Amino acid sequence: MLIAGFPAGAWGTNCYLVAPAAGEECVIIDPGHEAAPGVEEALKKHRLKPVAVVLTHGHLDHVASVVPVCGAHDVPAWIHPEDRYMMSDPEKALGRSIGMQLMGELTIGEPDDVKELADGAKLELAGMELTVAHAPGHTKGSVTFGLPEAADIPSILFSGDLLFAGSIGRTDLPGGDMAEILDSLARVCLPLDDSTVVLSGHGPQTTIGQERATNPYLRQVAAGLGAQEAPRRGM
């Protein structure tokens, strides 16, 4: 398994390229603000051929480079239907011009080919199987992508802005809901093995075991007591 990740843009949003190995087809996850140059660099470095872009949610810091990346490689973008409108109307998604002055020139809109994600779907892409879990709370259409354990590689969760190392995504933007994100944490994250590697939308990688032991939100959800306040990330 090859995973090439890098933080991009004003919010340092993590973009990932995932492939069975170097020199093969790949999937691009969350090409956000100013991610296109990093995507092209990683494709060249690892000799990868993209077959799809998949999106954990529709916020601008995760989708701002979808149009140029999909257009350059003639690939579809996958997004949950409840977040699809955000690609064409990012200010409505944010509720106000939050940091828009930092974003510079943007290509707003949908790529030519948009496919919609569904809870429980299994995407067969680039010789891999990505399992989709609908995980609302940060946005109505937030999803995670899971890769199963294989050989010496633990299972992997691309958590988007659902779960971070030590925190969770913010819920104060349109479509955000604390009760929903807590339910998503309980339903999507708690059943996973402690060894599951979490690659999130912002910040460093972690594991479910580490977050089960130290993340105040996941600990409170596990205890059935609700959430304590802690710093949250993500646009």
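It should be emphasised that the depicted structure is a prediction, and the values quoted were computed from it without experimental measurement.

Basis of the calculations
Sequence order as written defines residue numbering, which begins from 1 separately in each chain. Only residues with pLDDT of 70 or above have their local features reported here, since the model is predicted, and side-chain atom pairs are shown and tallied only from 80 upward, although totals for entire chains, interfaces and linings are computed over all residues. Side-chain descriptors were evaluated using all non-hydrogen atoms of the structure, hydrogens and water having been removed beforehand. To qualify as a helix, a DSSP run of H or I must reach at least 4 residues; to qualify as a strand, a run of E must reach at least 2; elements of each kind are numbered from the N terminus. The cut-offs for exposure are 20% and 50% of the maximum accessible area for each residue type, with area from a 1.4 Å probe on protein chains only; residues under the lower value are buried, those over the upper are exposed, and the others partly exposed. Two residues qualify as a contact provided that any one of their heavy atoms is within 4.5 Å of a heavy atom in the partner residue. In these tables, accessible area is a Shrake-Rupley quantity obtained with a 1.4 Å probe, and a residue counts as shielded only by the protein chains included in the view. Only strands joined by at least two bridges in the DSSP assignment are considered to pair. Any N or O atom pair separated by 3.5 Å or less is treated as a polar contact, with the protein-specific requirement of one donor-capable and one acceptor-capable atom, and with residues adjacent in sequence counted only for side-chain atom pairs. Confidence per residue, as judged by the predictor, is encoded in pLDDT with a range of 0 to 100. What makes a salt bridge here is a side-chain nitrogen of Lys or Arg within 4 Å of a carboxyl oxygen of Asp or Glu, nothing more.

Novice: Explanation requested: the overall build of the chain in the structure shown.
Specialist: Within the chain one finds eight helices and 14 strands. The proportion of buried residues among the 235 residues of the chain is 54%. Across the chain, the fraction of contacts at a sequence separation of at least 24, relative to all contacts at a separation of at least 6, is 62%. A total accessible area of about 9700 Å² is found for the chain, and carbon and sulfur atoms account for 50% of it.

Novice: In this structure, what is going on with the pairing of strand β1 (residues 2-8)? I would like to understand it.
Specialist: Two faces belong to every sheet, and in a regular strand the side chains alternate between them. Only one face of β1 is buried, namely the one carrying Leu2, Ala4, Phe6 and Ala8, since none of Ile3, Gly5 and Pro7 on the opposite face is buried. Taken together, the seven bridges between β1 and strand β2 (residues 13-19) define a ladder with antiparallel strand orientation. Residue pairing in the sheet places glycine 5 in a bridge with tyrosine 16 of β2.

Novice: Help me out: how do you make sense of the sheet that holds strand β8 (residues 128-134) in this one?
Specialist: Hydrogen bonds between backbone groups are what pair the strands of a sheet, and the pairing can be parallel or antiparallel. Sheet architecture is open: six strands sit in the order β7-β8-β9-β10-β13-β14, paired in mixed fashion. This sheet does not close on itself; its edge strands, each paired only once, are β7 (122-125) and β14 (206-207). Across three bridges, strand β9 (residues 143-147) lies against strand β10 (residues 156-160) in antiparallel orientation. Bridging across to β10, glycine 146 finds its partner in leucine 157.

Novice: Where do I start with helix α8 (residues 216-223) in this structure?
Specialist: Of the positions making up α8, those classed as buried are Pro216, Tyr217, Leu218, Gln220 and Val221. The secondary structure elements touched by the buried residues of α8 are β12 (167-168), α6 (178-189) and α7 (208-214). Glycine 224 occupies a position one or two residues after α8 and carries a positive phi of about 70°.

Novice: How do you make sense of the side chain of serine 200 when you look at a structure like this?
Specialist: Mapped onto the fold, serine 200 is located in strand β13 (residues 197-200). Of note is the side chain of serine 200, whose polar atom sits 2.8 Å from the backbone oxygen of histidine 202. The contacts of serine 200, once residues within four sequence positions are left out, are Asn14, Tyr16, Ser159, Gly160, Leu163 and Phe164.

Novice: Would you mind going over the confidence of the model for the chain with me for this structure?
Specialist: Low pLDDT means the predicted coordinates in that region are not meant to be read closely. Overall, the predicted model of the chain reaches an average pLDDT of 91, with 89% of residues at or above 70. pLDDT under 50 marks residues 227-231. Its contacts with residues more than four places away, or in other chains, come to 10 contacts.

Novice: Could you clarify how one ought to interpret the pattern of salt bridges in this entry?
Specialist: It is possible for side chains of opposite charge to pair when their charged atoms get near one another. A full pass over the atoms with the stated rule returns seven salt bridges. When the shortest N-O distance is used, the salt bridge between lysine 115 and aspartate 113 registers 3.8 Å. Residue classification places lysine 115 among the partly exposed residues on the basis of a relative accessible area of 32%. The residue aspartate 194 makes a salt bridge to arginine 212 at a minimum N-O spacing of 2.7 Å. With a gap of 18 residues between them, aspartate 194 in the loop between α6 and β13 and arginine 212 in helix α7 connect regions that are remote in the sequence. Of the residues examined, arginine 212 reaches a relative accessible area of 27% and is grouped as partly exposed. Overlapping salt bridges, with partners in common, bring together Arg84, Glu110 and Glu116 in one network.

Novice: Is there a simple way to think about the environment of isoleucine 208 in this case?
Specialist: Structurally, the position occupied by isoleucine 208 is in helix α7. Those residues in contact with isoleucine 208, other than ones at most four positions away along the chain, are Leu163, Cys189, Leu192, Asp193, Asp194, Thr196, Val198 and Leu218.

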